[in-house]
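If you want the building blocks of each chain, they are given just below.
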Amino acid sequence: MTSSARLTILIAASVPLLATRHQTLSVEGERQVPPRAVVVRVDTVGLHRTLDSLVKHYHGVLGYSIHNLDTGERLALRGDETFPTASLIKVPILVTLFDLVDKGMISLDDQLTLLKIDQVPGSGILQFMHPGMMLSVRDAAVLMSILSDNTATNLLLDKIAIRRVWQKMEALGLPHTKVHAKVFLRLASVAPDSSVKYGLGVTTPNEMARLFEMLANGKAVSQKADSTMLDILGDNLDMESMQRTVSGLAVPHKTGATDSVRTECALFRLQSRVVACALTKQNSDTRWVVDNEAQVALGKIGEAIMRTWPRKQERADDSR
């Protein structure tokens with residue numbers, strides 16, 4: 001394996017040599033598990049250079065937290081500084097929902113009734129649907145995650161309660177990650193002062209990266225629930241920020257945007273797993289266009305990550 005920089009190959013755990021190249025499984029109790037893979041560390045000088053340049057020339061405030069979950073490499077700037085989340089806070093809402101489902105307090109098949117009073121503007125399609133329509137909790141969760149549907153988000157917050165999101169994030173060790181109110185209903189905020197300062201929600205780059213790390217490791221709710229949530233986030237249709245130059249790779253991610261805020265957190269499943277969270281605030285460029293400065297900057301971060309860590313190598317099908 002090569003790289004433009006030095007590569008140091010580490011073995012993640014001490015394991016016996018495999019008897020043959022065809023031996024692919026070891027037994028752990030009654031469950032068969034694959035052998036531990038070779039973990040590759042790369043020289044991140046180029047990534048540092050790209051990030052430093054972005055921050056130096058950025059017209060606003062940019063913070064990021066990048067963590068290779070398999071090699072332990074970490075890069076962060078303003079990692080513990082609080083930022084507005086915009087719709088990125090919908091990931092903690094999703095995690096809280098699945099936690100309640102896992103505990104048997106809510107079913108994904110529970111039915112929600114859409115009322116006229118529930119319909120709010122902004123992103124999503126439920127605002128255009130006829131009042132009285134029924135949808136499942138599962139449907140609302142998918143709409144919230146892949147279309148960032150604001151009305152679906154509010155329906156779910158009515159179902160789970162805002163304070164439960166706080167409690168779940170605190171239980172995960174993420175005390176700064178909070179949702180303040182339903183979307184476009186700030187007057188009913190549970191934290192009025194913080195709502196004025198941050199809007200819909202607040203977090204830090206490190207905390208949101210930690211949440212995605214727990215999802216990747218099956219420790220946010222459970223292995224099954226976390227895998228389902230990542231599958232949902234992998235269908236996110238917003239590809240205008242970190243994903244703008246990524247092709248041929250499904251990346252579970254969630255974005256957020258207001259006039260002066262752009263955010264995204266993503267899990268890049270390469271040869272190693274890389275979580276990248278980038279949050280911006282006080283942006284000078286407030287345009288709602290594809291080449292908004294913040295979106296372009298986040299896109300360069302995604303491009304740099306793909307350039308730094310190699311993709312999984314595709315294995316050709318064995319001929320029969």
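Presented here is a report on the structure given in the accompanying data block. (Residues numbered from 1 in each chain as written. Predicted model: local features only at pLDDT ≥ 70, side-chain atom pairs only at ≥ 80, totals over all residues. Heavy atoms only, no water.)

1. Side note on the environment of Lys312
Next up, step 1: Along the polypeptide, Lys312 turns up in the segment after helix H9 (293-308).
Next up, step 2: A residue is classified by how much of its surface remains accessible, and Lys312, at 53% relative accessible area, is exposed.
Next up, step 3: Separated by 42 residues in sequence, Lys312 and Leu270 have C-alpha atoms that sit 5.2 Å apart.
Next up, step 4: Those residues in contact with Lys312, other than ones at most four positions away along the chain, are Arg269, Leu270 and Gln271. (Helix = DSSP H or I, 4+ residues; strand = E, 2+ residues; numbered from the N terminus. Buried < 20%, exposed > 50% of the residue type's maximum accessible area, 1.4 Å probe, protein only. Contact = heavy atoms within 4.5 Å.)

2. A look at a nonpolar patch on the surface
Next up, step 1: A surface patch of nonpolar side chains, about 290 Å² in accessible area, is lined by Ile125, Phe128 and Met129.
Next up, step 2: Tracing the backbone shows Phe128 in the loop between strand E8 (111-113) and strand E9 (134-136).
Next up, step 3: With a relative accessible area of 63%, Phe128 lands in the exposed category. (Patch = residues over 30% accessible without salt bridge, like charges linked within 9 Å, V, L, I, M, F, W, Y side chains within 5 Å. Areas by Shrake-Rupley, 256 points an atom, 1.4 Å probe, with all protein chains shown as cover. Salt bridge = Lys/Arg side-chain N within 4 Å of Asp/Glu carboxyl O.)

3. Observations concerning the nonpolar core
Next up, step 1: Ranked by internal contacts, the top residues of the largest apolar core, which has 58 residues, are Val95, Phe98, Val179 and Leu211.
Next up, step 2: Residue assignment for this core shows that the elements contributing at least two residues are helix H2 (90-102), helix H3 (137-146), helix H4 (150-160), helix H5 (162-171), helix H7 (205-216), helix H8 (223-233), strand E13 (261-269) and strand E14 (273-281).
Next up, step 3: Sorting elements by how many residues they give to this core places H2 first, with seven residues.
Next up, step 4: Once residues lying within four places of it in the same chain are set aside, the contact partners of Leu211 are Val91, Pro92, Val95, Met169, Leu172 and Leu174.
Next up, step 5: Counting 26 residues, the second largest nonpolar core, distinct from the first, contains Val42, Leu51, Val246 and Leu298. (Core = buried A, V, L, I, M, F, W, Y, C linked by side-chain atoms within 4.5 Å.)

4. A closer look at the state of the cysteines
Next up, step 1: Evaluation of the coordinates by the stated rule reveals one disulfide.
Next up, step 2: Each sulfur of the disulfide joining Cys265 and Cys277 lies 1.8 Å from the other. Here Cys265, found in strand E13, pairs with Cys277, found in strand E14; they are 12 residues apart in sequence, far enough to count as distant. (Disulfide = S-S within 2.5 Å.)

5. Quick look at the environment of Met144
Next up, step 1: Examined against the element boundaries, Met144 turns out to sit in helix H3.
Next up, step 2: With 20 residues separating them in the primary sequence, Met144 and Gly124 have C-alpha atoms 7.7 Å apart.
Next up, step 3: Beyond its immediate chain neighbours, meaning those up to four positions away, Met144 contacts Lys90, Ile93, Leu94, Asp149, Ala152, Thr153, Leu156 and Lys254.

6. What to know about helix H1 (residues 45-57)
Next up, step 1: Compared with an ideal rise of 1.5 Å per residue, which puts 13 residues at 18 Å, H1 spans 18 Å between its outermost C-alpha atoms and is within 8% of the ideal.
Next up, step 2: Looking only at H1, the buried set comprises Leu47, Thr50, Leu51 and Leu54. Here the buried residues of H1 occupy an arc of 95° about the axis, which is enough to place them on one side. H1 presents Arg49, Lys56 and His57 as exposed residues on the side facing more than 90 degrees away from its buried surface.
Next up, step 3: The inward-facing, buried residues of H1 abut strand E5 (61-68), strand E6 (74-77) and H9. (Expected span 1.5 Å × (residues − 1). Arc of directions from axis to C-beta.)

7. A short note on H9
Residues separated by three or four positions in an α-helix point in the same direction, a consequence of the helix having 3.6 residues per turn.
Next up, step 1: Along its 16 residues, H9 runs 22 Å from first to last C-alpha, staying within 8% of the 22 Å computed at 1.5 Å per residue.
Next up, step 2: Those residues of H9 lying buried are Ala294, Gln295, Ala297, Leu298, Gly299, Ile301, Gly302, Ala304, Ile305, Met306 and Thr308.
Next up, step 3: If you check the start of H9, you find a side-chain oxygen 2.8 Å away from the backbone N of Ala294, and it comes from Asn292. (Polar contact = N/O pair within 3.5 Å; in protein donor to acceptor, adjacent residues only side chain to side chain.)

8. A look at the environment of Thr308
Next up, step 1: Residue position: Thr308 is located in helix H9.
Next up, step 2: Taking the C-alpha atoms as reference points, Thr308 and Gly46, 262 residues apart in sequence, are found 7.4 Å from one another.
Next up, step 3: Here Thr308 is in contact with Val42, Thr44 and Leu47, once residues within four sequence places are set aside.
Next up, step 4: Within the local environment of Thr308, its side chain forms a polar contact with the backbone oxygen of Ala304, the two atoms lying 2.7 Å apart.

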